[in-house]
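Tertiary structure, described
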Amino acid sequence: MKGYTGKILFVDLSTGRIVAEPIPDEVYESFLSGVGLGCYVLHKKIPKGADPLGPDNVLGFVSGLLTGTGSVMTGRWMAVAKSPLTGGWGDANCGGTFSPAIKRCGYDGIFFRGTSDRPVYLYVDSHKAELRDATHVWGKDAVEAEDILEEECAKKQGKPKIAVIGTSGEKQSLISGICNDHGRIAARSGLGAVMGSKKLKAVVLAGNGRITCENPELMKTISKEFTGKVRKINIPRFLSGRLLEIAANLQSRMTRVAVPDGIMAAGILKKWGTGFNNVMGVVNGDTPIKNWNGSGLDFGKSRYRNLAPDLLKQREVKRYSCYSCVVGCGGISRIEDIAEGTFRETHTPEYETVSAFGSLLLNGNLDSILYINELLNRAGMDSISAGHAVAFAIECFENGILTSEDTGGLQLAWGNTEAIVKLLKQMIHREGLGDLLADGVKAASRRIGKGSLKYAIHVGGQEPGLHDSRFDPMMGVHYCADPTPGKHTIGCFQYYNYVQLWNEVSWAPKISIYPKYEEYLASSENATKSVAISCYKQVIDGIGGCLFAMTMGVHNWNPFRMLNAATNWHKTADEYLEIGMRIQTLKQLFNIREGIDPRNNRAHPRMAGNPPLENGPLEGKSVPIHEMVALYWEHMGWHGETGIPAKETVEKLSLTDFVA
Amino acid sequence: MKVKVYAPAFASFQHLDDDSSMKLPEGATLNDVFRRLKIPLPLRPFLVYTVNYEKAGLNTPLNNGDVVSFLTPLAGG
């Protein structure tokens, strides 16, 4: 009755054997579910040195510990495997409705090893689990395949929930992800390629079991408290998106930082979704521009204002929420004016996609971005990595490293919408130059050579999120220090300030207001903040929590209280942070075991402001990222010089069994 | 009485303690908070703020323990 099922389903695609395996309570108490359970299982099941695209790799779909327990904003599921993109720990997560469906089938996670000799999908309901032929959907895009399987497996009580790869996953593009809910995507780490390598097209879930909670009344009270606040926070109609641009302008001039009440941002997410940052980020310096080598001045007001949140909102025909969400930042938007386009609608593109195919490429054509969003969602390709790959190609072309002969006649240039769309199609179909780019910028630069590496923006093989580390230096720390490098969802000063962990965690540094320049210092206090937020994020990824709920502040959305209500564990926040530290350390141990040297996860010099930009809000800014990373390692109890977890830390966290 | 104030960074923090709390006389209103924060008059119509997460006006009376929050957009998405 503790919020978890205590079981996982293990499927061997080589033999067809499917078994349920019990997971002891102690594992949940030590690792939670979600990313923690995934890490525990993968460490045990993947042999050292396994080929990420071979039969020994294990791919997991894991629900959050709090998913379905009556808690709110806890509906995310986690994909886990050894990443073919980085060669180390890989995870990605997604919202929608898939996470509770895993538990309704009676499992906390479903794991696959082996390789099928023909395309298959796994069907699971409350009574059975079986592999079925997927030849008829192999070659279909993620949305088409989901439609067909939905119809095929529909039951009286409704449609099943489906995770599926598109054609990019089938073609084992190393920047492909796994889709659910008709084009939402767990995009990062190249896990779609792992699924494709196993010839596993989809996981179809049609269970109707009950998800338990130890103290449902308390959970209801906690959820109502939060929901009540969120419902009342709204942005007045007369305030337009221009206000955000003005606020960003002000923010870029501020010399100090104050602690905000994060829940107030619920109003912004309700009104504009994540697109609120489309222009704001360009103006305040959060958004990387022109492959991290430009500013808003290069992009130009007339172009970036075409991506304004109000314009995007005009395209929206429907709003929707993920499971257990009370904010509802998702939407469906109309696509217009793309001659070659065949799609009428798409999920409203997230900020990351708008920036990856907008500011990063100096592309101010909103229609093209809506169209690209649908292309990528259907192919199942990561928009963050894909945008960086196109930016890389443009810069190579501009500098004579690539020629028209290489591009199949495409005249690649910043803001050349037509060429950008055509190149992206080459990537999706793995044709010509697109075949190289479909494996990310690191692999592409290795194959192209000719000095192209200097235009390849990545950390440890993965392209970074669209948040500039020269704007928020802690973002740069986690781009490099996280066992899954390049992720923007682990930690930054803004997250730390919004979350206000010091209200719950005894050792988290308390702040009220401080000078902005302090964020650019490699200090012990900053390292402690980095440790706190990254360990907290592991807890969030263990419960299926939403990043935006997290930023609403622990005084408003409190996962510790919710965890105790669901499990009756009576743990303190400090104890939960120790679980977070255990998960983060186990991921790092996985990387060490797989031969990853954490010192090689270095930021591209542009990401550290080396040399600094010459204009815009980030003019003259540089960040000592690697000194900050070394301090983070030290404060995590890892060796400051190597990033390897120290023996005492491994013992303290009871991880000795995981060290060879 | 004391109220908790999540003030924007451009405000004056002179009247806020380390817990971001502000001491106010009994009968104080939100307007008194604005004055102590030295929020420029022309900016006030464009700010989004709440008292205890409820919509409030400048004449909203405050009580001990109230929470005054200003909207500060998170960069992100």
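Residues numbered from 1 in each chain as written. Chains lettered and ligands numbered in written order. Predicted model: local features only at pLDDT ≥ 70, side-chain atom pairs only at ≥ 80, totals over all residues. Heavy atoms only, no water.

Looking at the layout of surface pockets
Roughly 940 Å³ of volume is contained in the largest pocket. As for the largest pocket, its lining consists of 44 residues, of which A:Ala247, A:Leu250, A:Gln251, A:Met254 and B:Thr72 are closest to the centre. The dominant element in the lining of the largest pocket, judged by the number of residues it contributes, is helix H8 (residues 242-253) of chain A, at 10 residues. Its residues assigned to classes, the lining of the largest pocket shows 30 nonpolar, eight polar and six charged. Estimated volume of the second largest pocket: approximately 520 Å³. Every residue lining the second largest pocket is counted, 31 residues in all, and those nearest its centre are A:Lys442, A:Arg446, A:His458, A:Gly460 and A:Gly461. The biggest single contributor to the lining of the second largest pocket is helix H20 (residues 440-448) of chain A, with three residues. Residue composition of the lining of the second largest pocket, by class: 13 nonpolar, 12 polar and six charged. (1 Å grid on protein atoms, 1.4 Å probe; cavity = no way out; pocket = protein on both sides within 12 Å on 5 of 7 lines; lining within 4 Å. Points joined across faces, edges and corners; volume = space filled by probe spheres on them. Helix = DSSP H or I, 4+ residues; strand = E, 2+ residues; numbered from the N terminus. Nonpolar A, V, L, I, M, F, W, Y, C, P; charged D, E, K, R; others polar.)

With respect to the domain arrangement of chain A
Residue and element names in this part refer to chain A. Structurally, chain A comprises domain 1 (7-205), domain 2 (220-229 + 263-455) and domain 3 (473-658). Look at where the C-alpha atoms of domain 1 and domain 2 centre, and you get two points 26 Å apart. Each side of the interface is counted separately: domain 1 has 37 residues, and domain 2 has 29 residues. Both sides together, the interface formed by domain 1 and domain 2 hides about 2,500 Å², and carbon and sulfur atoms give 54% of it. Across the domain 1-domain 2 interface, the total number found is two salt bridges. Put simply, Arg 378 and Asp 141 hold a salt bridge, and the shortest N to O gap is 3.0 Å. Our count for the domain 1 to domain 2 interface comes out at 21 residue pairs in polar contact (both at pLDDT 80 or more). Looking at the side of domain 1 that touches domain 2, the elements that each hand over two or more residues are helix H3 (98-104), helix H4 (142-153), helix H5 (167-170) and strand E11 (184-186). (Domains from an automatic or database assignment. Contact = heavy atoms within 4.5 Å. Buried area = accessible area lost by both parts, 1.4 Å probe. Salt bridge = Lys/Arg side-chain N within 4 Å of Asp/Glu carboxyl O. Polar contact = N/O pair within 3.5 Å; in protein donor to acceptor, adjacent residues only side chain to side chain.)

Quick word on the sheet that holds strand E7 (residues 120-124) of chain A
Residues and elements named next belong to chain A. If you walk across this open sheet you meet the six strands as E8-E7-E12-E9-E10-E11, and the pairing is mixed. The sheet is open, and its two edges are formed by strand E8 (129-133) and E11, each paired on a single side. Averaged over all pairs of adjacent strands, the angle between their axes in this sheet comes to 25 degrees, without regard to strand direction. Bridge count between E7 and E8: five bridges; the pairing is antiparallel. Residue pairing for E8: Val 120 is matched across the bridge by Asp 133. Of the strands in this sheet, E7, E8, strand E9 (161-164), strand E10 (178-180) and strand E12 (200-205) touch H4, which is tilted by about 145 degrees from E9. (Pairing = 2+ DSSP bridges. Axes fitted to C-alpha atoms, helices over the stretch in contact; angles between N-to-C directions.)

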